[in-house]
Protein chains: 2
Amino acid sequence: MECFDRAEFWSREEIERAQLVRLRNVVGQAMRSPFYAKRLKEAGIAPETLKSLDDVRRIPCTTKDDLRSQYPDGLNTLPQCEMVRMHASSGTTGSPTVIHYTQNDLNLWADLMARCMHMVGVRREDVFQNITGYGLFTGGLGLHYGAERLGCLTIPAGPGNTTRQLKIMRDFRTTVAHIIPSYALYFGAALRDSGEDAKNLALRIALIGAEPHTEETRKRIEELLDVKAYNSYGLSEMNGPGVAFECVQQAGMHVWEDAFIAEIVDPDTLEPVAEGEVGELVMTTLCRQGMPILRYRTKDLTRFIPGECACGRHHRRIDRILGRADDMLIIKGVNIYPMQVEQILMSFPEVGENYQIVLERENYLDQIRVKVEIKEEHFVEDMRVLRDLQKRITNKLRDEVLITPRVDLVQNNGLPKAEGKAQRVVDSRES
Amino acid sequence: MECFDRAEFWSREEIERAQLVRLRNVVGQAMRSPFYAKRLKEAGIAPETLKSLDDVRRIPCTTKDDLRSQYPDGLNTLPQCEMVRMHASSGTTGSPTVIHYTQNDLNLWADLMARCMHMVGVRREDVFQNITGYGLFTGGLGLHYGAERLGCLTIPAGPGNTTRQLKIMRDFRTTVAHIIPSYALYFGAALRDSGEDAKNLALRIALIGAEPHTEETRKRIEELLDVKAYNSYGLSEMNGPGVAFECVQQAGMHVWEDAFIAEIVDPDTLEPVAEGEVGELVMTTLCRQGMPILRYRTKDLTRFIPGECACGRHHRRIDRILGRADDMLIIKGVNIYPMQVEQILMSFPEVGENYQIVLERENYLDQIRVKVEIKEEHFVEDMRVLRDLQKRITNKLRDEVLITPRVDLVQNNGLPKAEGKAQRVVDSRES
């Protein structure tokens, strides 16, 4: 079988042999950072103490809060002048999560991404339309560099503007698109409504990720766009996209185990779950130089799919993401924590105690609506005053979470009162 | 003097010797495209007929309309599988201008861009915050690859979100920013209003371009941000940024004449203007492989600055852009032709005959307002109907010109009637 690089088809023995060597190596590298120097010393971990791959479980887990506490560069193992790229999560009130990359790290990331794309049949002859945001979000530049590595004609189309996307797709005979699932549905419906037959497009592959989605969504995208759609998994803490990717079997996503160690654990006990059981995905970078991360708790719930894949690759497969072990929301590919919304709302003196975040779906696109109670003395009759407040809240939320929510100002006590734990998030997307 | 590459300090003789060799070469390459094969044959041009650099004037000029007429790929000299990148101007109603790049073209572009940045003191140790849009606009990825070539820590911050930009700038001690001039003014004012002293920032260099601006604007940016600000000139037809750039003398922009031939001509006669006179800049790519462009009429008005630069470089300098030889507008770094706006407006049956494009400046940021007359039978009393129409016009204009205009619906005959030629564009930014 044609392969992008040799590690793609390593046997289990080759994978695991490399994993142990690389694990010792990356632990040694990680100890150069202030954070891991202390953390690993306290746990009695040094490279030579790792005798087998099972010893990875002796390493303490790293959490998002650890990353935040080390902001801006406490996990870096090399001086800043060795770093050539930075990506970051959204957020200005708390500390965002920041990832630093050396040139080697970028090269490896591009190689892994190219391997993913090559695996599903993307080749140098393809025209690749990258329909996602660039910038600090890793999805855009991640796929961009992967496509460049393959030598595709890369069109950095960016997000939105359906008319223009469709014109580009037609006129340049795009064969491969990277697109988030909710926008793919919207785009497909717009195509259908325009009366154009998707079969007339040259598009044959959609790479979809950055948002959890169901098998039904994938099928619908495949029908609407007349393509094969492949699920992509990644997170900025592990570079970005290029962590796990479906092969043409479409039966789970192969985790590139030459570059990462993946574990699935019980989120409460942190013990490994039984083969095939659902748990929290915990990931270790095996090759990252500038900012290694050991046993990162992704909070993503999934399972290993038992057995060998028909494609012949021996990198284990994870199932599509089945949920979250925390309250993080993913809207339009952007990660949002309810706490971010709360911090912004509470910074307005006009805002009362109660608020609600409602997830909605309109015309296939996910939206976020924030209903917020306004204190009695500020809920005035002059609509201009309220409209101004609404605008200020909207803008500040948008600056924080990077998408524009709809904001409803509600009279004091206008929202349902919680008896016990307040239900801050209401998901009305499926209703 | 420290230099990025040898050609940066070539003597006039070295530059001109290389130019003639490269001109012959690029003419030969251009002839592989359907467009230039015909055009050059008709003009009796072949590489061997070019005896001296003055012979460049025998080559017919290429216009934006030529590029549009050759949409999508009539200027390509190589099969599509050799192309690895595409950039395009805005626009969906007419044909956008499209540029294709081979990997060599991208490498050369990154080298030129890195040379520009290096010239003003950007080094590997710098932290570079790229505060411009990525995607099809060449400004974002252009500077991004230049900074990567230099090995800077590149932060792909993208446009907007002042709070976040400022947080990144503080927390990562950004030393160099790429920022469009109008946003630099806005950002600087926001910084001042926040009570923070710009001297406390690590920022020392602002690279400003993509919008014509005055010396006063530069000085103001330098004061507000406590930086040196350097003017950058480029256009996607000549790769993007990296065509001409100020050195630390800040006395005009050196055109990289090892990579381009620059002429300044009378826009009516196309004859060269006298030394130091203002005329239209005409540019030829000397090294581009995938899509060479010969004698491109940029429509930008400028002049060669006479004499040698104190920096010791012999690449001639052009003055800051002094105007346009056509009606193109540049708002927020985006190129807009009034005709694009007209085409969209006229596609609405409700729209009458008269409209006006008003350029405004609010809080240092340029805005575009479109006033449009609505036919009497559609100017109904139901505000919801009008608001819906306003929204549809706004969205369609935004999809076309890529920035969101303000749209005022005006009663029939509500706009001033023109006696002769209608004044479609009103620039009220300075008033």
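Given the structure is predicted, the values throughout are model-derived calculations rather than measurements.

J.: Explain the overall build of chain A to me, please; I cannot follow it from the model alone.
T.: Check the secondary structure of chain A and you find ten helices and 20 strands. Compactness check: chain A gives a C-alpha radius of gyration of 23 Å against a globular reference of 22 Å for 431 residues, within 12% of the reference. Looking at chain A as a whole, 59% of its 431 residues are labelled buried. For chain A, the exposed surface amounts to about 17,400 Å²; the carbon and sulfur share of it is 48%.

J.: Help me understand unusual backbone geometry, please; the structure alone is not making it clear to me.
T.: Excluding glycine, residues mostly have negative phi values, and the peptide bonds linking residues are mostly trans. Residue and element names in this part refer to chain A. With an omega dihedral of 0°, the bond running from Tyr-71 to Pro-72 counts as a cis peptide bond. Looking at where Pro-72 falls in the secondary structure, it is placed in the loop between α3 (64–69) and β1 (83–88). Phi at Asn-161 takes a positive value of approximately 60°, unusual for a residue other than glycine. With respect to the helices and strands, the residue Asn-161 is situated in the loop between β4 (153–155) and α6 (162–171).

J.: I tried to follow helix α9 (residues 338–346) of chain B on my own but got confused; where do I start?
T.: Each α-helix winds once per 3.6 residues, and so residues spaced three or four apart point in a common direction. Residues and elements named next belong to chain B. Burial in α9 covers these residues: Pro-338, Gln-340, Val-341, Ile-344 and Leu-345. Down the axis of α9, the buried set is contained in an arc of 160°. They therefore lie on one face. Tucked into the core, α9 has its buried residues touching β16 (334–336), β17 (351–362), β18 (365–374), α10 (383–401) and β20 (425–427).

J.: For this particular structure, what's the right way to read the sheet that holds strand β14 (residues 323–324) of chain A?
T.: Think of a sheet as strands paired side by side through backbone hydrogen bonds, with each pair either parallel or antiparallel. Residue and element names in this part refer to chain A. Read across the sheet, four strands follow the order β10-β11-β12-β14 without closing on themselves; strand pairing throughout is antiparallel. With one partner strand each, in any of the chains shown, β10 (260–265) and β14 form the two edges of the open sheet. Across six bridges, the pairing between β10 and strand β11 (residues 279–285) is antiparallel. Along β11, the bridge assignment pairs Val-265 with Glu-280.

J.: Got a minute to help me understand the relation of the copies chain B and chain A in this structure?
T.: Between the two copies of the chain lies a relationship made up of a rotation around an axis and a movement along it. In screw terms, the move from chain B to chain A is a rotation of 180° and a rise of 0.0 Å along the axis, fitting with an RMSD of 0.0 Å. Interpreted geometrically, this transformation is the action of a two-fold axis. Within chain B, Tyr-134 of chain B has its C-alpha nearest the rotation axis, a separation of 3.0 Å. Most of the interface of chain B is mirrored in chain A, where 100% of its interface residues again form contacts.

J.: Teacher, can you tell me more about the interface of chain B and chain A here?
T.: One frequently used descriptor of interface size is the decrease in accessible area upon assembly of the parts. Residue-level contacts link 48 residues of chain B with 48 residues of chain A. Around 4,000 Å² of area is buried between chain B and chain A when both sides are counted, 58% of it from carbon and sulfur atoms. Taken as a group, Leu-153, Arg-164 and Phe-172 of chain B account for 17% of the area that chain B buries against chain A, more than any other trio of residues on that side. Across the contact surface, chain B and chain A share four salt bridges. Among the salt bridges present, the one from Arg-124 of chain B reaches Glu-82 of chain A, with a minimum N-O distance of 3.1 Å. Taken together, the links from chain B to chain A amount to 22 residue pairs in polar contact (both at pLDDT 80 or more). When residues in the side of chain B that touches chain A are grouped by element, the largest group, six residues, is from strand β1 (residues 83–88) of chain B.

J.: Would you mind showing me how to read the environment of Ile-180 of chain B here?
T.: All names here are of chain B. Position of Ile-180 among the secondary structure elements: in the loop between β5 (176–178) and α7 (181–193). In this structure Ile-180 comes out as buried when scored by relative accessible area, which is 13%. Spatially, the C-alpha atom of Ile-180 lies 20 Å from that of Arg-115, the residues being 65 residues apart in sequence. Among residues more than four places away in sequence, those in contact with Ile-180 are Thr-132, Gly-209, Ala-210, Glu-211, Lys-332 and Gly-333.

J.: Looking at this structure, how should I read the sheet that holds strand β20 (residues 425–427) of chain A?
T.: Residues and elements named next belong to chain A. Strand order in the open sheet formed by four strands is β19-β18-β17-β20, with mixed pairing between adjacent strands. The open sheet has two edge strands with one neighbour each: β19 (406–411) and β20. The average undirected angle you get between the axes of adjacent strands in this sheet is 20°. Here six bridges tie strand β18 (residues 365–374) to β19, and the two strands are oriented parallel to one another. Bridge assignment links Val-370 to a residue of β19, and that residue is Val-407. Its contacts with the sheet place helix α9 (residues 338–346) against β17 (351–362), β18 and β20, and it is angled at close to 135° to β17.

J.: Just to check I follow, could you spell out the packing of α9 of chain B against α10 of chain B for this structure?
T.: Relative placement of two packed helices is described by the angle separating their axes and the distance separating the axes. All names here are of chain B. Running from amino to carboxyl end, α9 crosses α10 at an angle of 145°, the nearest separation of the two axes being 10 Å. Considering the relative orientation of α9 and α10, their crossing is right-handed. Contacts between α9 and α10 involve Gln-340, Val-341, Ile-344 and Leu-345 from the first element and Ile-393, Lys-396, Leu-397, Glu-400 and Val-401 from the second. Here the contact of α9 with α10 is composed, by residue class, of six nonpolar, one polar and two charged.

J.: Looking at this structure, how should I read the pairing of strand β10 (residues 260–265) of chain B?
T.: The side chains of a regular strand alternate, residue by residue, between the two faces of the sheet. Along β10 of chain B, six of the six residues are buried, which leaves the element largely enclosed by surrounding structure. Of the two faces of β10 of chain B, the one carrying Phe-260, Ala-262 and Ile-264 of chain B and the one carrying Ile-261, Glu-263 and Val-265 of chain B are both buried.

J.: What is the right way to read the domain arrangement of chain A from this model?
T.: Residues and elements named next belong to chain A. Domain boundaries in chain A define domain 1 (6–326) and domain 2 (334–427). For domain 1 versus domain 2, the separation of C-alpha centres amounts to 32 Å. With 16 residues of domain 1 at the interface, the matching set in domain 2 holds eleven residues. Of the roughly 1,200 Å² buried between domain 1 and domain 2 on both sides combined, carbon and sulfur atoms contribute 52%. Taken together, the connections running from domain 1 to domain 2 amount to zero salt bridges. For the pair domain 1 and domain 2, the number of links is one residue pair in polar contact (both at pLDDT 80 or more). Mapped by element, the contributors of at least two residues to the side of domain 1 that touches domain 2 are α3 and α7 (181–193). The element that contributes the greatest number of residues to the side of domain 1 that touches domain 2 is α7, accounting for six residues. A breakdown of the residues in the side of domain 1 that touches domain 2 according to their chemical character gives four nonpolar, six polar and six charged.

J.: I'm lost on the packing of aromatic side chains in this one. Help?
T.: For any pair of aromatic rings, geometry is given as the distance between the ring centres together with the angle between the planes. Going through the model one piece at a time under the given rule, you end up with twelve aromatic pairs over all chains. An angle of 5° between the planes, with centres 5.6 Å apart, marks the rings of Tyr-145 of chain A and Tyr-145 of chain B as stacked. Of this pair, Tyr-145 of chain A sits in helix α5 (residues 138–150) while Tyr-145 of chain B sits in helix α5 (residues 138–150), which puts the two residues in different chains. The same class applies to Tyr-145 of chain A and to Tyr-145 of chain B, which are both buried. Ring plane angle 25° and centroid distance 5.9 Å describe the contact between Tyr-183 of chain B and Tyr-186 of chain B, whose orientation is recorded as stacked. Here Tyr-186 of chain B and Tyr-183 of chain B lie together in helix α7, a separation of three residues that amounts to about one turn. In this structure Tyr-183 of chain B comes out as buried when scored by relative accessible area, which is 9%. The exposure class of Tyr-186 of chain B is partly exposed, given its relative accessible area of 25%.

Conventions adopted
Residues numbered from 1 in each chain as written. Chains lettered and ligands numbered in written order. Predicted model: local features only at pLDDT ≥ 70, side-chain atom pairs only at ≥ 80, totals over all residues. Heavy atoms only, no water. Helix = DSSP H or I, 4+ residues; strand = E, 2+ residues; numbered from the N terminus. Rg over C-alpha atoms; globule rule 2.2 N^0.38 Å. Buried < 20%, exposed > 50% of the residue type's maximum accessible area, 1.4 Å probe, protein only. Areas by Shrake-Rupley, 256 points an atom, 1.4 Å probe, with all protein chains shown as cover. Arc of directions from axis to C-beta. Contact = heavy atoms within 4.5 Å. Pairing = 2+ DSSP bridges. Least-squares fit on C-alpha atoms with pLDDT ≥ 70 in both. Buried area = accessible area lost by both parts, 1.4 Å probe. Salt bridge = Lys/Arg side-chain N within 4 Å of Asp/Glu carboxyl O. Polar contact = N/O pair within 3.5 Å; in protein donor to acceptor, adjacent residues only side chain to side chain. Axes fitted to C-alpha atoms, helices over the stretch in contact; angles between N-to-C directions. Left-handed = near helix turned anticlockwise from the far one by under 90°. Nonpolar A, V, L, I, M, F, W, Y, C, P; charged D, E, K, R; others polar. Domains from an automatic or database assignment. Phe/Tyr/Trp six-rings, centres within 6.5 Å; stacked < 30°, edge-to-face > 60°.

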